[in-house]
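So the chains spell out like this:
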Amino acid sequence: MVSDKKFKMEEMSWKEIEEAKEEGKDTVVLMMGSFEQHGPHMPMKTDTYISDELGVRIAERLDFALMGPTLSVGVSGHHMDFPGTVSLSSDVFMKLIEEHCKSFDEHGFEFIALVPFHGGNFAPAKTAAAEIAEEMKKSKILLVADLERNTKIMMESFKEAGMEYEEKAVHSGATETSVMLAIDEDLVDEDRLEKGYEGKVDNSSLFTEGLKHFTDNGILGDARKASKEAGELILKNLSKDLAEQIDEKRSSLLMKSD
Ligand SMILES: [Zn+2]
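> Kindly report on the pairing of strand E3 (residues 111–116), identifying the contributing residues and their values.
Most of E3 sits inside the fold, with six of its six residues counted as buried. Relative to E3, strand E1 (residues 27–32) runs parallel, the two being bridged by six bridges. Considered in E3, the bridge of methionine 31 is made with valine 115. As paired strands, E3 and strand E4 (residues 140–143) are joined by four bridges and run parallel to one another. Paired with isoleucine 112 across the two strands is isoleucine 141, which belongs to E4.

Take a look at the structure:
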C-alpha cells in the first residue's frame, strides 16, 4: 500500500502524476455523483460528497490506482420536480464520460474504472462504457456498475450496525443519511429529518414516474432512523466491495493479455 503517497489527481501536479505512473499507478478511478434534491435535510451535492469519499477509500485500498475528478452533475431527470436539481441528458453525460476517458487514454493509463453511485448514472455509464471501449487507444474500461449490489451492501451494512429499521429503496432515507452523517454531520440538517415514502419502489418506475410521484419531501424510507456509526460501516463495506471488483476486473484483463 502506498497510502502515504498522494492519489487524488485534483490535488496533484502533472509532475506527481507522471511519477505516480512510473511507480505503477496504471488505473484511474472515475466516480460519478449528481446535483439533485436529497430531502429537506441534505444538500444537492450529497451523491458527489459520497462519491468523493468512496473514491478516496477505493484508491487508498488499491496501490495501482489514482482517483480522477468526480463527475459532479449527473442524470437526474426523475428529481426535477424539486427545486435546485440540475440534470444532464443521457447523451451529454455519456459524452462527458467519454471525454474524460479519452484524456486518461491519451496520458497512457492502462485502465479506467467507471464507478457510478447515483442511480440515474448507471444506465448511461453502462452504455458509454461499451461505446468508449472501441475508441480507446490503450486504456481498458473497468465498469463497476451494479446498482442492486450497492443497494444490498448498504442495507446489509445498516443491519450489521445493529439498526432495526429496514428500507425498501435508497434515497435520502436512513441509509444514505447515515452515510452523510459519517462524512460530515454539518451537511445534515438534523432539525429537518423526516419520514418519506416507505413502500416498495422499483428503479424503473422511479426513473419514469419521478420521485415526486411517490414522495412529497423527496425521501424514500425514513431519515430519522439514520446513525453515524451505521454510515461509517456502509462506507467501509461498500468501498471495500467496489475496490475488490476493480481489482478482480483488472487482474482478469492483465491475465488475458499475458
Ligand atoms: Zn443520493
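> Any chance you could break down the pairing of E4 for me, citing the residues and the numbers?
Side-chain alternation along E4 places Lys140 and Leu142 on one buried face and Ile141 and Leu143 on a second face that is also buried. The handedness of the E3 to E4 crossover, carried by helix H4 (residues 122–135), is right-handed.

> Which residues make up the packing of helix H6 (residues 174–183) against helix H8 (residues 228–257), and what values go with them?
The contact between H6 and H8 brings their axes to 7 Å, and the two run at 90 degrees. In terms of axis orientation, H6 runs roughly perpendicular to H8. Residues Thr175, Ser178, Val179, Met180, Leu181 and Ala182 of H6 pack against Lys228, Ala230, Gly231, Glu232, Ile234 and Leu235 of H8. In terms of residue class, the contact of H6 with H8 is built from seven nonpolar, three polar and two charged.

> Can you break down the environment of aspartate 186 residue by residue, with the values?
With respect to the element layout, aspartate 186 can be found in the loop between H6 and helix H7 (203–209). The class for aspartate 186 is exposed, based on 8 C-beta atoms found within 10 Å. Linking aspartate 186 and glycine 55, residues 131 residues apart in sequence, is a C-alpha distance of 21 Å.

Calculation rules
Residues numbered from 1 in each chain as written. Predicted model: local features only at pLDDT ≥ 70, side-chain atom pairs only at ≥ 80, totals over all residues. Buried ≥ 20, exposed ≤ 12 C-beta atoms within 10 Å, placed from the backbone. Helix = DSSP H or I, 4+ residues; strand = E, 2+ residues; numbered from the N terminus. Pairing = 2+ DSSP bridges. Right-handed = clockwise from strand over helix to strand, strands pointing away. Axes fitted to C-alpha atoms, helices over the stretch in contact; angles between N-to-C directions. Parallel < 35°, antiparallel > 145°, perpendicular 65-115°, else oblique. Contact = placed C-beta atoms within 7 Å. Nonpolar A, V, L, I, M, F, W, Y, C, P; charged D, E, K, R; others polar.

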